[in-house]
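# Notes for the structure review
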Amino acid sequence: MNQYVIAIDQGTTSTRAIIFDHSGAIVSSGQMEHEQIFPKAGWVEHNAAEIWNNTREVIASALSKANLTRHDIAAVGITNQRETAVVWDKTTGEPVYNAIVWQDTRTQDIVDELSKDGGGDRFKQKVGLPLATYFSGTKIKWILDNVDGAREKAEAGNLVFGNTDCWVLWNLTGGVDGGVHVTDVTNASRTLFMDLETLQWDDEILGVFGVPRSMMPEIKSSSEVYGTVHTSQLLRETPVAGILGDQQAATFGQAAFETGEAKNTYGTGCFLIFNTGEEIVHSKNGLLTTVGYKLGDAKPHYALEGSIAVTGSLIQWLRDNLGMISSAPEVETLAATVKDNGGVYIVPAFSGLFAPYWRPDARGAIVGLTRFVNKNHIARAALEATAFQTREVLDAVNADSGVPLTELKVDGGMVANDALMQFQADILGVPVIRPKVIETTALGAAYAAGLAVGFWKDLGELSSNWSEDKRWEPQLDQAEQERQMRLWRKAVTKSMDWVDEDVQ
Ligand SMILES: Nc1ncnc2c1ncn2[C@@H]1O[C@H](COP(=O)(O)OP(=O)(O)O)[C@@H](O)[C@H]1O
Ligand SMILES: O=P(O)(O)OC[C@H](O)CO
């Protein structure tokens, strides 16, 4: 009997496989971190072969922990870190370069060059995105321009591109032995190349970037059978039936299916997604327009997104680069020893500033330092930075939609941190709500796959699986909220205009 669905969550720091039952509860999981490669300041890479190996390992581990086999699994769903670009030779299965990660800023020169003709928003009306290093398109161009022989091979039709969903799917379905080269609409909407109306690649933009169309995967919906797992793999012959970029998957896993619903995911970065239904809404306040989900032949749901590049990774930086803490949860212990931030604000503009500013010239800043400040204040300021950035994104969503959100559903690794969630509610002035299953990203991909094979019958059934675990009510008075936001915004101005010809 197929009683379960497995989701592969290929994230920025780790790859997970999680098995869910019909009620949406977690039955077992496997997880492996992969190496973060920083060859130069601003460059961030992953080894795509390592990611594929880890994917196989975590599937094996999740199955064996629950004592299950492929016969118990109805379908496979895939969710992934978006924008991270893998280019590989489809005749050998070898990537021609490491995966260039979404946080990588090496393509700023490409962005500047392309912006000369028509400005940074020249494709925004069509694709919903400004020209920025964040998106896959500039990374593909960089590989074609900089890796020896890549352009010739691409023009000969041997190289293909995919975000990591596509790389995992291709390998899972056979790789050089007939692997399926497909992505879903949500991932495609993060490349700079997909027309939001037609949901197809735009030849004119591909031409401007010099990317051959033959490299691009076929764009399909987020919920349909793309292929079956290859006979050489553990899950052989199981249908792969759902793909969603991780932030859209979390929105789906939070059952935010309707227009006006939203969620915020706190991981490496933070991503607030606001469902705008079947309408394509263009932001006037620095948000992206993206595809939320598309189920089979049904019309797509679109969304506005506030992407924040650095939140949890600031905590990792305190741990790995400064050695201030030995584990991420320890930041809460340090922060709890002081009654406030001691006047310190940290603007973690490690990759420039994303939403709502889109300022590639910004770099990280710690301001307000005095002899009074100690590491506990720094820890507190690091946590607060996540909450301040989220408030700015929520303000942008409210301004665009005209109807202020009255509560915020949250998920992701950082929501384990109580102090942060309380401060988040305080600085937003609305309740913050955590569901029982916080692995909403994997759950969303499982839902998409399960819907396609009839494991779940409809969205109503999925909504009834959602239940609240904890709620944080705002406790700060509005004057104090606004005082802190004023200081935060002042700190943000100090991080801007830092990059010049001498500083990258
Ligand atoms: N208790 C905590 N307090 C603050 N940050 C935390 C805590 N636990 C984990 N994190 C941060 O959350 C992130 C991991 O969350 P996760 O959702 O697994 O990320 P991702 O999906 O981006 O890989 C890490 O960046 C880590 O620093
Ligand atoms: O893997 P995460 O959770 O850090 O998410 C990364 C985002 O998809 C980047 O856009």
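Residues numbered from 1 in each chain as written. Chains lettered and ligands numbered in written order. Predicted model: local features only at pLDDT ≥ 70, side-chain atom pairs only at ≥ 80, totals over all residues. Heavy atoms only, no water.

## Focus: helix 12 (residues 375–401)
For helix 12, which comprises 27 residues, the first-to-last C-alpha distance of 40 Å matches the rise-based estimate of 39 Å (1.5 Å per residue) to within 8%. By the N-cap criterion, in which a side-chain oxygen at the helix start approaches the backbone nitrogen of a residue two or three places on, helix 12 is capped by N374, the distance to N376 being 2.9 Å. Once helix 12 finishes, G402 follows within two positions and takes phi at roughly 80°, a positive value. (Helix = DSSP H or I, 4+ residues; strand = E, 2+ residues; numbered from the N terminus. Expected span 1.5 Å × (residues − 1). Polar contact = N/O pair within 3.5 Å; in protein donor to acceptor, adjacent residues only side chain to side chain.)

## Quick word on the site of ligand 1
The immediate surroundings of ligand 1 are formed by 15 residues, with T13, T268, G312, G413 and N417 found nearest. Interatomic distance of 2.5 Å between a side-chain N/O atom of T13 and an oxygen atom of ligand 1. Within the contact set of ligand 1, an oxygen atom lies 2.5 Å away from a side-chain nitrogen or oxygen of T268. Coverage of ligand 1 by the protein amounts to 84% of the 580 Å² it exposes when considered alone. The leading source of residues in the shell around ligand 1 is helix 10 (residues 312–320), at 4 residues. (Near = heavy atom within 4 Å. Areas by Shrake-Rupley, 256 points an atom, 1.4 Å probe, with all protein chains shown as cover.)

## Points about the sheet that holds strand 19 (residues 408–411)
Read from one edge of the open sheet, 7 strands run 15-16-14-13-19-20-21, paired in mixed fashion. This sheet does not close on itself; its edge strands, each paired only once, are strand 15 (288–293) and strand 21 (468–472). The mean angle between the axes of side-by-side strands here comes to 30°, regardless of whether they run parallel or antiparallel. Pairing of strand 14 (residues 270–277) with strand 16 (residues 301–308), which is carried by 7 bridges, proceeds in the antiparallel orientation. Within strand 16, the residue paired with G277 across the bridge is Y302. Helix 9 (residues 246–253) contacts strand 13 (262–266), strand 14, strand 15 and strand 19 of the sheet and is inclined by roughly 125° relative to strand 13. (Pairing = 2+ DSSP bridges. Axes fitted to C-alpha atoms, helices over the stretch in contact; angles between N-to-C directions. Contact = heavy atoms within 4.5 Å.)

## Observations regarding the UniProt feature "binding site: glycerol" (unreviewed entry) in the protein chain
When the UniProt feature table is mapped to this numbering, "binding site: glycerol" (unreviewed entry) covers R82, E83, Y134, D246 and Q247. By secondary structure assignment, the location of D246 is in helix 9. In this view, D246 contacts T79, N80, Q81, R82 and T441; residues no more than four positions away in its chain are not counted. If you trace the backbone, Q247 turns up in helix 9. Among the polar contacts listed, one links the side chain of Q247 to the side chain of D246, at a separation of 3.2 Å. (UniProt positions renumbered as here; feature names shortened; annotations may be inferred.)

## Focus on the packing of aromatic side chains
All told, the structure shown has 23 aromatic pairs when counted by the stated rule. Pairing W88 with W170 gives two aromatic rings, centres 5.4 Å apart and planes at 55°, and the pair type is tilted. Here W88, found in strand 6 (residues 86–89), pairs with W170, found in helix 6 (residues 164–172); they are 82 residues apart in sequence, far enough to count as distant. Each member of the pair, W88 as well as W170, carries the same accessibility label: buried. With a centroid separation of 5.3 Å and an interplanar angle of 55°, the aromatic rings of W317 and F350 are classed as tilted. Of this pair, W317 sits in helix 10 while F350 sits in the loop between strand 17 (345–347) and strand 18 (365–367), and the two are 33 residues apart along the sequence. Given a relative accessible area of 31%, F350 falls into the partly exposed group. R106 extends its terminal NZ or CZ atom over the ring of W43, reaching a point 3.7 Å from the ring centre. Note that K409 overlies the ring of W466, its terminal NZ or CZ placed 4.5 Å from the centroid. (Phe/Tyr/Trp six-rings, centres within 6.5 Å; stacked < 30°, edge-to-face > 60°. Buried < 20%, exposed > 50% of the residue type's maximum accessible area, 1.4 Å probe, protein only. Lys NZ or Arg CZ within 6 Å of the ring centre and 35° of its normal.)

## Notes on the packing of helix 10 against helix 12
Contact geometry for helix 10 and helix 12: axes closest at 8 Å, N-to-C directions at 155°. On the basis of their axis angle, the class for helix 10 and helix 12 is roughly antiparallel. The two elements helix 10 and helix 12 meet at a crossing, and its hand is right-handed. Counted together, L314, I315 and L318 of helix 10 and I378, A379, A382, L383 and A385 of helix 12 form the full contact between these two elements. Here the residues of the contact of helix 10 with helix 12 sort into 8 nonpolar, no polar and no charged. (Parallel < 35°, antiparallel > 145°, perpendicular 65-115°, else oblique. Left-handed = near helix turned anticlockwise from the far one by under 90°. Nonpolar A, V, L, I, M, F, W, Y, C, P; charged D, E, K, R; others polar.)

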